[in-house]
Amino acid sequence: MRILLINVPHPAIGSRIPDDHLPPLGLLAIGGPLLDDGHAVKLIDGEFGPMPAADIVAEALAFAPDAVLFGHSGSTSGHPVIAEVAAAVNAAMPKAAIVYGGVFPTYHWRDILRDEPYVTAIVRGEGEETARQLMLALQYGHSLGHIAGIAFRDHGRPHATPQAPVITDLDAYRIGWELIDHARYSYWGGLRAVVVQFSRGCPHLCNYCGQRGFWTRWRHRDPVLFAKELARLHREHGVKVINFADENPTVSKKVWTIFLETLIAEDVDLILVGSTRADDIVRDADILHLYKKAGWERFLLGMESTDERTLKLIRKGATTTTDREAIRLMRQHGILSMATWVVGFEEETDRDHWRGLRQLLSYDPDQIQLLYVTPHRWTPFFRLAANRRVIQTDRRWWDYKHQVLATRHMPPWRTLLWFKFTEMVLQCRPRALFRTYLQRDRRLRHAMRWYTQMGCRVWPHEILGFLRDRLTRHGPTVAEFWGGPQDAEEESMAARRPERPTHLRKAA
Ligand code: B12
Ligand code: SF4
């Protein structure tokens, strides 16, 4: 089969503001096993340019694919762009099957199959094995009904097959690195970069999290093989920055230590960045020197709130003391901390914003990223937010960087003021400026400067966007806008049973 993977361009700041682009790991993870099955696979990465839909269609036509596969890490906010490009591709080549995978379509499969007639099938959950089976079925004209983990139109009606088992041996599927030219991809201010995944899933239960149930229980790759793959990417492709896609790579101290020690023994000069939990950092106080030696330069710590009551509401399972201690320990070991803080879990008053700002100052993180609450239909938090009013009806902006919900106590412009004021105070205080411009560690100084430059570009972009885009005053409720809660569906995804694949072996 001739299979085309398309990464559509996203209008979000994560795609448009940096000059860097990261490889689309989700599509490459699907591409590797499909190449091993003997298919002719090509990737069009529309993020470069960004490519207009017409150019993507023209390049797709030149490849003449039998199937066109879409997926995007922007997920919810990426969907409208995928819908637009997929419709255009279908109009140009109606015989090619259109297949769509990823987190958002996994849960929104009914609506997509109802409203988007050009979609042939949706892959629900992890895509590696399911995509292989689906491509074989399409190639030989077999019925789709026996493939676990997909949704399609059966006699015109959206139908989902039983969920596919989760993959227990993550090393059995390789990433299709040969689908990209590594020289095009960078991060951290122009350094050659990749996104990788050591583990999938997370043992915690934060009720707003859109990823936990998708990946189900925590699993990891072989730490030695994984470290060697990173070293190979460095030696053979000049990759310098490794961006971890993991929700929580440090869950097992034992396995993580093996990974760090193997990578240190490989003696490769890498910069590692990713996210983890503050409690894991505190737990690992005695091995943080290994983190640093292996190349860890920054961890994003999803603090979400500095208010104990809110942390309980969202079931974060964290405490403000641990968060503060994690930042202190990281600084002690020369690792940058980026704290994310979410506005809007509760309908904050001026006083709440002021208290939050003061607490953030007392945490003293190196970098701060403020986000707006964005409920996903498949999370328990959606129920809590179901009756709140939607003020942003363009789904492309449900990307955490736009206000999508009204708050009772203040108009959107005042929320924006607090949001920007908090960022400004945190990033422009003397300590932050010192760390950005006078930091003695050259690598950390580069990292801080790059982040500050991004911030300077994001600011006008966000403020102009706010002034330009219309917010609805009397919008629908969240439940009216998206439909009813789907957390029961997520629970059933999360209850999937693992199965050991026997057929594929990794060939990295
Ligand atoms: C790396 C990353 C990025 C990178 C993207 C790099 C790239 N080119 O892909 C950068 C930093 C640029 C980024 C930007 C943004 N991101 Co981001 N990002 C992530 C992160 C950390 C990992 C995503 C990933 O690679 N996962 C690993 C891969 C293997 O998983 P996957 O893509 O889901 O693919 C698997 C399945 O879904 C399925 N699948 C996926 N696609 C397809 C397609 C087919 C055909 C098939 C069959 C199967 C299939 O199979 C794959 C293998 O099993 C996640 C957080 C997290 N821990 O997941 C956030 C996350 C995905 N990002 C998010 C957001 C909101 C954004 C931005 C919109 C932020 C912004 N306002 O700018 C932008 C969007 C732009 C963009 N290019 O994605 C949200 C999405 C929330 C949601 N559910 O809607 C997440 C979940 C973060 C969060 N917790 O909120 N992001
Ligand atoms: S710790 Fe992070 S990945 Fe885990 S459930 Fe909470 S938000 Fe999700």
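Just above sits the structure.
Reading the values: the criteria
- Residues numbered from 1 in each chain as written.
- Chains lettered and ligands numbered in written order.
- Predicted model: local features only at pLDDT ≥ 70, side-chain atom pairs only at ≥ 80, totals over all residues.
- Heavy atoms only, no water.
- Axes fitted to C-alpha atoms, helices over the stretch in contact; angles between N-to-C directions.
- Helix = DSSP H or I, 4+ residues; strand = E, 2+ residues; numbered from the N terminus.
- Left-handed = near helix turned anticlockwise from the far one by under 90°.
- Contact = heavy atoms within 4.5 Å.
- 1 Å grid on protein atoms, 1.4 Å probe; cavity = no way out; pocket = protein on both sides within 12 Å on 5 of 7 lines; lining within 4 Å.
- Points joined across faces, edges and corners; volume = space filled by probe spheres on them.
- Nonpolar A, V, L, I, M, F, W, Y, C, P; charged D, E, K, R; others polar.
- Parallel < 35°, antiparallel > 145°, perpendicular 65-115°, else oblique.
- Near = heavy atom within 4 Å.
- Phe/Tyr/Trp six-rings, centres within 6.5 Å; stacked < 30°, edge-to-face > 60°.
- Buried < 20%, exposed > 50% of the residue type's maximum accessible area, 1.4 Å probe, protein only.
- Disulfide = S-S within 2.5 Å.
- Salt bridge = Lys/Arg side-chain N within 4 Å of Asp/Glu carboxyl O.

Participant: Help me out: how do you make sense of the packing of helix α9 (residues 223–237) against helix α10 (residues 253–266) in this one?
Facilitator: How two helices pack is summed up by the angle between their axes together with the distance between the axes. It is the contact of α9 with α10, at a shortest axis distance of 8 Å, that shows an interaxial angle of 35°. Helix-helix and strand crossings are classified by hand; for α9 and α10 the assignment is right-handed. Between α9 and α10, the residues in contact are P223, V224, F226, A227, K228, L230, A231 and R235 and V255, I258, F259, T262, L263 and E266, respectively.

Participant: Is there a simple way to think about empty space enclosed by the protein in this case?
Facilitator: Once rolled over the atoms, a probe with the size of a water molecule shows which space is left empty. One pass over the structure, following the stated rule, counts four cavities of 30 Å³ or more. Put simply, the largest cavity is a space of about 200 Å³. Going through the elements one at a time, α2 (25–36), β10 (191–196) and α9 are the ones with two or more residues in the lining of the largest cavity. Split into classes, the residues belonging to the lining of the largest cavity amount to ten nonpolar, one polar and six charged. Lining the second largest cavity, in full, are Y372, Q392, K401, H402, Q403, L416, E462, G465, F466, D469 and L471.

Participant: Just to check I follow, could you spell out the packing of α2 against helix α7 (residues 128–140) for this structure?
Facilitator: The geometry of α2 relative to α7 is characterised by a closest axis approach of 9 Å and an angle of 50° between their N-to-C directions. When the interaxial angle is binned, α2 and α7 end up oblique. Viewed along their axes, α2 and α7 form a crossing whose handedness is right-handed. Where α2 approaches α7, its residues A29, I30, P33 and L34 are matched on the opposing element by E128, A131, R132 and M135. Looking at the contact of α2 with α7, its residues break down into six nonpolar, no polar and two charged.

Participant: Where do I start with the site of ligand 2 in this structure?
Facilitator: Contacts to ligand 2 come from nine residues, most closely from C202, C206, Y208, C209 and R277. Its residues placed into classes, the shell around ligand 2 shows four nonpolar, one polar and four charged.

Participant: Can you help me understand the packing of aromatic side chains in this one?
Facilitator: Given two aromatic rings, their pairing is described by the distance between the two centres and the angle made by the two planes. Applying the stated criterion across every chain, the model contains 27 aromatic pairs. Ring plane angle 65° and centroid distance 6.1 Å describe the contact between F244 and F259, whose orientation is recorded as edge-to-face. Of this pair, F244 sits in strand β13 (residues 241–244) while F259 sits in helix α10, placing them 15 residues apart in sequence. Judged by its relative accessible area of 3%, F244 falls in the buried class. For F259, a relative accessible area of 0% gives the class buried. Judged by centre distance (4.9 Å) and plane angle (45°), the ring pair of F244 and W296 falls under tilted. With a gap of 52 residues between them, F244 in strand β13 and W296 in strand β15 (residues 296–304) connect regions that are remote in the sequence.

Participant: Please explain the state of the cysteines as it appears in this structure.
Facilitator: Formally, a disulfide is one covalent bond, and it connects the sulfur atom of one cysteine to the sulfur atom of another. Under the definition given, this model contains zero disulfides. Free cysteine C456: the closest other cysteine sulfur is in C428, separated by 7.8 Å. Taking the relative accessible area as the measure of exposure, C456 reaches 53% and is therefore exposed.

Participant: Please explain the pattern of salt bridges as it appears in this structure.
Facilitator: If charged atoms from side chains of opposite charge come close, those side chains can pair. The full count for this structure, using the stated rule, is 43 salt bridges. Across the salt bridge formed by R174 and E178, the nearest N and O atoms sit 2.8 Å from each other. Given the relative accessible area of 11%, R174 is considered buried. For R435, the salt bridge goes to D366, with nearest N and O atoms at 3.8 Å. Here R435, found in helix α18 (residues 430–437), pairs with D366, found in the loop between α15 (350–363) and β17 (367–372); they are 69 residues apart in sequence, far enough to count as distant. Since its relative accessible area comes to 11%, R435 is described here as buried. According to the relative accessible area criterion, D366 is buried, its value standing at 4%. Shared partners join several salt bridges into a network, and the residues in it are R331, D364, D366, R429, R431 and R435.

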